[in-house]
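Per-entry structural report
Chain by chain, the residues run as shown.
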Amino acid sequence: RRPRRAMCAAVGSGNARRKTVGVLVLGDVGRSPRMQYHALSLAAEESVGRVLLIGYSGARCVPPVEALVQAGKIELVLLREELLPRPRSKIGYLAYAPAKAALQLAQLLLALLVWTPRMYVL
């Protein structure tokens, strides 16, 4: 195990391999400016090659994030929010709620394990 000082020097060195990191938003990406600014600060790091911003589609991102999306430094991975049609009755909701939770979990696992490249940090 390397000492802490050596690990910090390795991360900051110019010849270290650039990492892919992910920022997971449990909601609408556009309505989460704090998470967008986390992605911006990660994208500014020298050791980070690409930032994946994962969450539901909806409102537009803040302009600095949109600029880095256009430049290819930040990649948006958008999930579908409505996976099943909403039931009209309360009894139908008893089957709808667990099914929706299971589908959301499956979609999140697919996004993290299959659709995106291997991430160094999530």
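The following refers to the structure shown. In this text, all values refer to a predicted model and were calculated from it rather than measured experimentally. (Residues numbered from 1 in each chain as written. Predicted model: local features only at pLDDT ≥ 70, side-chain atom pairs only at ≥ 80, totals over all residues. Heavy atoms only, no water.)

**Quick look at the pairing of strand S3 (residues 74-79)**
Applicable threshold: Note on pairing: two strands pair once DSSP finds at least 2 bridges between them. In DSSP terms, a helix is any run of H or I states spanning at least four residues, a strand is any run of E spanning at least two, and both are numbered starting from the N terminus.
Across 6 bridges, the pairing between strand S2 (residues 48-56) and S3 is parallel. The residue of S3 that forms the bridge with Val51 is Ile74.

**Examining the packing of helix H2 (residues 33-44) against helix H3 (residues 63-71)**
The test is simple: Only the stretch in contact is used when fitting a helix axis, every axis being a line fitted to C-alpha atoms; angles between N-to-C directions are given from 0 to 180 degrees. Note on terminology: angles under 35 degrees are roughly parallel, angles over 145 are roughly antiparallel, angles of 65 to 115 are roughly perpendicular, and the others are oblique. Handedness of a crossing is defined here by the sense of rotation of the near helix relative to the far one, left-handed for an anticlockwise turn of less than a right angle and right-handed for a clockwise turn. Residue contacts are counted whenever heavy atoms from the two residues lie within 4.5 Å of one another.
Viewed as axis vectors pointing N to C, H2 and H3 meet at an angle of 50°, and their least axial separation amounts to 9 Å. The orientation of H2 relative to H3 falls into the category oblique. Crossing handedness for the pair H2 and H3: left-handed. Along its contact with H2, which presents Gln36, Leu40 and Ala43, the element H3 presents Pro64, Val65 and Leu68.

**Regarding the pairing of strand S1 (residues 19-28)**
For clarity, the threshold we go by: Think of it in three bands: residues with accessible area under 20% of the maximum for their type are buried, residues over 50% are exposed, and the middle band is partly exposed, with areas taken using a 1.4 Å probe on protein chains only. Call a crossover right-handed when, viewed with both strands pointing away from you, the route from the first strand across the helix to the second goes clockwise.
The element S1 is largely enclosed, with a buried count of 7 among its 10 residues. After leaving S1, the chain enters H2 and then returns to the sheet as S2, a path that is right-handed.

**Overview of the packing of aromatic side chains**
The line we're drawing: Two rings from Phe, Tyr or Trp (for Trp, the six-membered ring) form a pair when their centres are within 6.5 Å of each other. A pair whose planes differ by under 30 degrees is stacked, one over 60 is edge-to-face, and the rest are tilted. A positively charged side chain is recorded as over a ring if its NZ (Lys) or CZ (Arg) lies within 6 Å of the ring centre. The angle to the ring normal must also be within 35 degrees.
Overall, the coordinates contain 1 aromatic pair when judged by the stated rule. It is Lys19 that lies over the ring of Tyr120; its NZ or CZ is 4.6 Å from the centre.

**Some words on the nonpolar core**
For the record, the criterion: For the purposes of this section, nonpolar cores are sets of buried Ala, Val, Leu, Ile, Met, Phe, Trp, Tyr and Cys residues that join through side-chain atoms within 4.5 Å.
Val23, Val29, Ala39, Val51, Leu53, Val65 and Ile74 are the most contacted members of the largest nonpolar core, which has 14 residues in total. The set of elements that each furnish at least two residues to this core consists of S1, H2 and S2.

**Quick notes on H2**
Rule in force here: Given a helix with a known number of residues, its expected span is that number minus one, times 1.5 Å. Summarising the geometry, the arc corresponds to the directions from the helix axis toward the C-beta atoms.
Helix length check: H2 (12 residues) gives 17 Å between terminal C-alpha atoms against 16 Å at 1.5 Å per residue, within 8%. Gln36, Ala39, Leu40 and Ala43 are the residues of H2 that are buried. Buried residues of H2 fall within an arc of 100° about the axis and therefore sit on the same side. Residues of H2 that are buried make contact with S1, S2, H3 and S3.

**Quick word on the side chain of Thr116**
Where we set the bar: Under the rule applied, a polar contact is a pair of N or O atoms within 3.5 Å (in protein, one hydrogen donor and one hydrogen acceptor; residues adjacent in sequence only if both atoms are side-chain atoms).
Relative to the assigned elements, Thr116 resides in the segment after helix H4 (90-115). Judged by relative accessible area, which is 8%, Thr116 ranks as buried. A polar contact of 2.8 Å, which involves the side chain of Thr116, links it to the backbone oxygen of Ala111. Each residue touching Thr116, except ones within four places of it in the same chain, is listed here: Leu52, Val77 and Ala111.

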